[in-house]
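# Chains, contacts and geometry: an overview
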Amino acid sequence: MTAKIGEQLDLTPVRAEFPSLAMNAAGRTAVFFDNPGGTQVHKGVIEAIANYYLTSNSNTGGAFLTSQRSDEQITGAREAIADLLNAPSARQIVFGPNMTTLTFNLARAFGRTIRPGDEIIVTTLDHDANVAPWLYYEELGAVIKVVDVTTPDCTLDLDSLRSALSDKTRLVAVTAASNAVGTTPDMAEIISLSHAAGAKVFVDAVQYAPHAPIDVQALDCDFLACSAYKFFGPHLGILYGKLELLEELNPYKVRPASNAVPNKWETGTQNHEGMAGTAAAVNYLAGVGQRFGQAWQEKYVGQNFTGRRLDLKTGMSVIKTYEQQLALHMFDGLRTFRDFQIYGITDKALFDQRGPTFAFTWPRLTPRQTSEYLGQHGVFTWSGNYYALNLMERLGLEGHGGAVRIGLAHYNTTEEIDYLLNLLEAVK
Ligand SMILES: Cc1ncc(COP(=O)(O)O)c(C=O)c1O
């Protein structure tokens, strides 16, 4: 029998595909609520990585079997990510070690076009990987402006963006989902405002990609970055760019390396096994809708998508729907603690503007002590600033231990949430 949207769901088949979820910690099955720091890996990913080493291990472009297989794996991974993001072509997908390194590389290349007086906009909501790479433009004479959040709900202040934008703005660097408090700003509005001012937009989708469908063509963003280890794959960074921009810009590269897009953006020998694993992660997400059952898929109304792109939109929509339920369950539990300070959107009517990531403090224990206590009971959470430096400073938490972060993924259950809530309840 398939579950109806809104009904409890038996996640056993989904969880069985993630071998590490069966891990024992403190005498019970481990509870992974550290997902924003990195998700657990699907078994297909582990097999694809092992298979790469067993059958294809080589450098690229050679005139022999393993090298040809490596080339095929890389092409396959680019096509998979192009499908995940609904990119016009696989040539627009660049791989690298992680999002941070790719963003620094892009910033350095884009920096070659920066002139004194140009303006760059970053935000208070962003992870520092989408702030620090752009700050060095100050050395080039550019002006850095910071779009603020409203507190305590930690939503991006679009009036602050409107007044920061000018005809001198060259780039707006903005997150699609906060890694600390879960806010998912209105990207369509931000991109349209930015484009109206003549600015390019760089979207950090690292924390968005595991939770909802992404469509770079509908968004019309100029660049978008994410990381496969946040969506059930290996440690691999991903950058999408509009083709003309990837072609026009000149990244720093070694002279013999290809001048073609996307290869000119990929410095040195790449993580081929990671690419093989990333394609497997995408294939899992394309099939996840079926694992949740037919009733869960009805919610998605496809528009002009076919094949794996349609399956991915369906799968990611199913994940989004399920996680919204989980988030409400978590929130209903957390808000019963009267001495809790929850940072981020707490109005349930606005929950479509946030993902399933919660940050809180309470007077009973410090954030680190709370995470240690939960960890001792087999529940994995994070504490500190998680590199969301601007936000932690804005909330007055930087230098005070930050906050506890609980981040849900689609393999988490309401039973795990209840276990966490009971543990918190027991703290006097
Ligand atoms: C929102 C966000 N952006 C960027 C990053 C950096 O990603 P990476 O570890 O791939 O460099 C992270 C990592 O946690 C993140 O959460």
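What you see is a predicted model; the values in this text were computed from it and never measured. (Residues numbered from 1 in each chain as written. Predicted model: local features only at pLDDT ≥ 70, side-chain atom pairs only at ≥ 80, totals over all residues.)

Here we come to the sheet that holds strand β14 (residues 357–361). Strand order in the open sheet formed by four strands is β13-β14-β17-β16, and the pairing between neighbours is antiparallel. The open sheet terminates on both sides in strands that have one partner only, identified here as β13 (341–343) and β16 (382–384). Each neighbouring strand pair of the sheet contributes to a mean axis angle of 30°, computed without reference to strand direction. Relative to strand β17 (residues 403–407), β16 runs antiparallel, the two being bridged by three bridges. (Pairing = 2+ DSSP bridges. Helix = DSSP H or I, 4+ residues; strand = E, 2+ residues; numbered from the N terminus. Axes fitted to C-alpha atoms, helices over the stretch in contact; angles between N-to-C directions.)

Moving on to the domain arrangement of the protein. Think of interface size as the accessible area that goes away when the parts come together; that is how it is often given. For the protein, the assigned domains read domain 1 (12–41 + 296–425) and domain 2 (47–281). Measuring from the centre of the C-alpha atoms in domain 1 to the corresponding centre in domain 2 gives 24 Å. At the junction of the two partners, domain 1 supplies 35 residues and domain 2 supplies 35 residues. Taken together, the elements giving at least two residues each to the side of domain 1 that touches domain 2 come down to α12 (307–334), β14 and α14 (389–394). Top element by residues in the side of domain 1 that touches domain 2 is α12. It accounts for nine residues. Among the residues forming the side of domain 1 that touches domain 2, the class breakdown is 17 nonpolar, 10 polar and eight charged. (Domains from an automatic or database assignment. Contact = placed C-beta atoms within 7 Å. Nonpolar A, V, L, I, M, F, W, Y, C, P; charged D, E, K, R; others polar.)

So, on to the packing of α12 against helix α15 (residues 414–425). Following both chains from N to C, one finds α12 and α15 inclined at 15°, their axes separated by 10 Å at the closest point. With respect to α15, the element α12 is oriented roughly parallel. The element α12 and its partner α15 pack so that their crossing is right-handed. When α12 is examined against α15, the residues Leu326, His329, Met330 and Gly333 are found in contact with a partner set consisting of Thr414, Ile417 and Leu421. (Parallel < 35°, antiparallel > 145°, perpendicular 65-115°, else oblique. Left-handed = near helix turned anticlockwise from the far one by under 90°.)

Position of Asn130 among the secondary structure elements: in the loop between β5 (119–123) and α5 (132–135). For Asn130, a count of 24 C-beta atoms within 10 Å corresponds to the buried category. Through-space distance from the C-alpha of Asn130 to that of Val174 is 7.2 Å; in sequence the pair is 44 residues apart. Those residues in contact with Asn130 that lie beyond four places of it in its chain are Thr103, Ala173, Thr175 and Asp204. (Buried ≥ 20, exposed ≤ 12 C-beta atoms within 10 Å, placed from the backbone.)

Ordered by their spatial adjacency, seven strands build an open sheet running β4-β12-β11-β10-β9-β5-β6, and the pairing between neighbours is mixed. The open sheet has two edge strands with one neighbour each: β4 (93–96) and β6 (143–147). Across the sheet, the axes of successive neighbouring strands diverge by a mean angle of 20°, strand direction being ignored. Across four bridges, the pairing between β4 and strand β12 (residues 237–241) is antiparallel. Bridging across to β12, Phe95 finds its partner in Ile238. Running at roughly 115° to β4, helix α3 (residues 65–85) makes contact with β4, β11 (223–227) and β12 of the sheet.

It is worth spelling out the site of the ligand at this point. The environment of the ligand is formed by 14 residues, the closest being Asn98, Thr100, His127, Asn179 and Ser227. Residue composition of the shell around the ligand, grouped by class: four nonpolar, nine polar and one charged. (Near = placed C-beta within 6 Å.)

Attention now moves to the nonpolar core. With 123 residues, the main nonpolar core has Val203, Ala205, Leu224, Ala225 and Leu285 as its most contacted residues. Element by element, the count of residues in this core is highest for helix α10 (residues 272–292), at 11 residues. A domain-level breakdown of this core finds at least three residues from each of domain 1 (12–41 + 296–425) and domain 2 (47–281). (Core = buried A, V, L, I, M, F, W, Y, C linked by C-beta atoms within 7 Å.)

Turning to the environment of Asn24, a few remarks are in order. Turning to its location among the elements, Asn24 is positioned in strand β1 (residues 24–25). On the neighbour-count criterion, Asn24 (9 C-beta atoms within 10 Å) is exposed. For Asn24 and Ile319, which are 295 residues apart along the polypeptide, the C-alpha to C-alpha distance reads 25 Å. Non-local contacts of Asn24, meaning those with residues more than four positions away in its chain, are made with Thr29 and Ala30.

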